[in-house]
Every structure is written in C-alpha cells, then in structure tokens.
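Residue strings, one per chain:
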Amino acid sequence: MSAPAPSKIAAGGKGGKRKSFRPFRIQRALGVKDVAARDFIITYAKHLKRTRKIIPPVWSEIVKTGKHKELPPNDPDWFYIRCAAIARRIYISPHVGVGTFKRAFGGSYRRGTQPNVYTTASGAVIHRALKALEKIRVVKKLRTGGRKLTGLGQRDLDFIAYQVVREGHGPTKPAGMRVPAPPRPKKVVKERKPKDPNAPPKERKPKTKEEIAALKKKKGRKSSKDQVPSSYKGDSKQMKQAAFKKRKAPGKEGDAAAKKASKPKEAKPKAEPKPKKERKEAPKKA
C-alpha cells in the first residue's frame, strides 16, 4: 500500500505554506484615572452605602467640615462622598496624610469687613474617614508617614471605574490612545464692498495747525490765536496777564481793582526822629 498523502492541516493549508501569526492588540485595562472624578466619586459613595461597610459617626448631622463653613452639609450622605474622594486621591497620589487633605478640602474664610483668608478643613473629619477606610482594608498606614492603598483597595477602585464605564458615562479618553484635538473654528472673513467709481472723494482730516485754523474759520469759530491781541503774541507771560485782567474787568470789583492799579502810590511822610533822652549819671560812692 502506498503511503497516505500529507493532510492540508499539517502542510499549513493550501499550497503547503504556513500562515503568518498576527498578534492581536491587547487593550490597556481601565483605571480610576481614565474616568471622570465626579462620576467615580458618586458611584463609589453609593457602593459604600449599599454594602454598609462604613457607618457614619453620630455627629455627622450637626458637624461642620471646617471653620470657613457656616452650616453643616445639606447632603445626608456627605460622609460617604468624603471617604470616596479621599480614596480616589490616595489612588492617584499615595503617601499623603491628614495635613494634605486638610489643605485640599479647605476654602475661603469670610471675616466680615476684613479681607478673606484661606483656611484648612477640619482634621477630625478627615482622620475619621481615613480610619473608616483602614477598617475595611482599603487603605493602610505607612511607617514613614501617610497612607497607601492596599491590593484589595486598588482592585475595588478599578472595578468601580469599570462599572462607571459600563453604566454609560464612558472614559474621559480611550485607553491606550491619544485623543485628537478638536478642529479650530475657521475665521469669518467679511466681504468687502466694491468701491463705487462715481462716489465723491472723502475729505481728508486736517493734520497741521494751519489746516485746523482754516477749518475753524470756515465753520465760524475763532481760533485761540485770533482771540489774543497782536501785541501779546509770542509772550506767554503777557498773554496770561491779559487774560487775568479780562476776567476781573466786568463788575464793580473789577473796576475797583483797575482804579487801584492805575493810581500811583503816594509816598508817606517820614516821621521826625525822637530826641534822645539824656542819661543821668549815678552819684559816686565816697
């Protein structure tokens, strides 16, 4: 018996050539950084409330989150939101402590008539939230200071981020790809009207002093040079004196001032010198 013919599978298909292996593209997994902060914090706060892992303290209804606040928060679930925001911040930038969160959640403090001042948030509220996250093994304390996410906490936050995308919010950017910039709006160019050849030429604005004076005379206005007499032209001091006299000329006060200026000053008679008193000599002592 003759040997069986080699199968097509062993030969690599038709023609006996093997197909080249094309590796498929592995898409990068979604994380907390790929989701909008607001959507993630709201979803994670609902998760913490639903699982009942964190119980807010008794004073959460009456406490303020800082001295710059006037009233306590209106939202009854504000403690879950604060815990979710703190967990997200530790995910993005680990090795942070209470002081960093106090500055992050601080705000402007109004002091009445005095200028506003930036103040930090309440440290007790942040410390209680961190202790609650440590209790459910999402966050752990470091020996060098600050907090860091545990493996369980990182897995939970990544799962919440995937859940946010699945709900339809979508990532802020496609994983492993660059988002192209939006196209710039085109500049609107106004259409210029064609010039009318029969239109009269526009009058040129006067630029020199002579042209401005001629234009004023044409309109019936007198220039400053025409108002000043020719004898005072070129002398600024005489021009000021003439203008001052014109102001004081009308009225009785002006007439009196002009008469006083016109009258020559009479020389006062010199007083006769007083005779010197003779000094009496004191009698000499014997």
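Just above sits the structure.
Caption draft 1: View of the pairing of strand β2 (residues 114–119). The pairing of strand β1 (residues 107–111) with β2 spans four bridges and is classified as antiparallel. Along β2, the bridge assignment pairs Tyr-109 with Val-117. With antiparallel pairing between neighbouring strands as the criterion, β1 and β2 make up a hairpin whose turn holds two residues, including Gly-112 at a positive phi of roughly 75°.

Caption draft 2: View of empty space enclosed by the protein. In the structure shown here, the tally under the stated rule is one cavity of 30 Å³ or more. By volume, the largest cavity amounts to about 60 Å³. In this structure, the largest cavity is lined by Tyr-44, His-47, Leu-48, Lys-53, Ile-136, Val-138, Leu-152 and Asp-156. Elements with a contribution of two residues or more to the lining of the largest cavity: α2 (37–51) and α6 (151–166). Considering each element in turn, the lining of the largest cavity owes the most residues, three residues, to α2. Each residue belonging to the lining of the largest cavity can be placed in one class, and the counts come to five nonpolar, one polar and two charged.

Caption draft 3: Region of the structure containing the environment of Ala-87. Inspection of the secondary structure puts Ala-87 in helix α3 (residues 78–92). Given the relative accessible area of 0%, Ala-87 is considered buried. As a C-alpha pair, Ala-87 and Val-138 span 51 residues in sequence and 7.9 Å in three-dimensional space.

Caption draft 4: Region of the structure containing the packing of aromatic side chains. Under the counting rule described, the total for this entry stands at three aromatic pairs. On the numbers, 5.9 Å between centres and 20° between planes, the contact of Phe-40 with Tyr-44 is stacked. A residue pair is termed a helical-turn pair when its members lie 3 or 4 positions apart in one helix, as Phe-40 and Tyr-44 do in helix α2 at four residues. According to the relative accessible area criterion, Phe-40 is buried, its value standing at 0%. Over the aromatic face of Phe-105 sits the side chain of Arg-82, whose NZ or CZ is 4.1 Å from the ring centroid.

Caption draft 5: Focus on the pattern of salt bridges. Counting across every chain of the model gives two salt bridges. Measuring nitrogen to oxygen at the nearest pair gives 2.9 Å for the salt bridge that ties Glu-134 to Arg-147. Highlighted residues: Glu-134 in helix α5 (residues 123–135) and Arg-147 in strand β4 (residues 147–149), separated in sequence by 13 residues.

Caption draft 6: Quick peek at unusual backbone geometry. Although it is not a glycine, Arg-52 adopts a positive phi angle of roughly 60°. Under the relative-accessibility criterion, Arg-52 is labelled exposed at 72%. With phi around 65°, Arg-137 is a residue other than glycine that occupies positive phi space. The topology assignment puts Arg-137 in the loop between α5 and β3 (139–141). By relative accessible area, which is 60% here, Arg-137 ends up exposed.

Caption draft 7: Fine view of the nonpolar core. Counting residues in hydrophobic clusters, the biggest one holds 34 residues, and the most contacted among them are Phe-40, Tyr-44, Ile-54, Ile-86, Ile-90, Leu-133 and Leu-157. Within the residue set of this core, elements represented by two or more residues are α2, α3, α5 and α6.

Caption draft 8: Representation of the side chain of His-68 within the structure. Topologically, His-68 is positioned in the loop between α2 and α3. Looking at His-68, the relative accessible area reads 14%, which means it is buried. Every residue in contact with His-68, bar those within four places of it in the chain, is listed here: Phe-105, Gly-106, Gly-107, Ser-108, Tyr-109, Thr-119, Thr-120 and Ala-121.

Caption draft 9: Highlighting α5. Between its first and last C-alpha atoms α5 spans 18 Å; for 13 residues at 1.5 Å apiece the expected length is 18 Å, and the two agree. Those residues of α5 lying buried are Val-125, Ile-126, Ala-129, Leu-130, Ala-132 and Leu-133. With its buried residues spanning 160° around the axis, α5 presents them on a single face. Exposed residues on α5 whose side chains face more than 90 degrees from its buried face are Ala-124 and Lys-135. Buried residues along α5 sit against α3, α4 (98–104), β3 and β4.

What counts as what
- Residues numbered from 1 in each chain as written.
- Predicted model: local features only at pLDDT ≥ 70, side-chain atom pairs only at ≥ 80, totals over all residues.
- Heavy atoms only, no water.
- Pairing = 2+ DSSP bridges.
- Helix = DSSP H or I, 4+ residues; strand = E, 2+ residues; numbered from the N terminus.
- 1 Å grid on protein atoms, 1.4 Å probe; cavity = no way out; pocket = protein on both sides within 12 Å on 5 of 7 lines; lining within 4 Å.
- Points joined across faces, edges and corners; volume = space filled by probe spheres on them.
- Nonpolar A, V, L, I, M, F, W, Y, C, P; charged D, E, K, R; others polar.
- Buried < 20%, exposed > 50% of the residue type's maximum accessible area, 1.4 Å probe, protein only.
- Phe/Tyr/Trp six-rings, centres within 6.5 Å; stacked < 30°, edge-to-face > 60°.
- Lys NZ or Arg CZ within 6 Å of the ring centre and 35° of its normal.
- Salt bridge = Lys/Arg side-chain N within 4 Å of Asp/Glu carboxyl O.
- Core = buried A, V, L, I, M, F, W, Y, C linked by side-chain atoms within 4.5 Å.
- Contact = heavy atoms within 4.5 Å.
- Expected span 1.5 Å × (residues − 1).
- Arc of directions from axis to C-beta.

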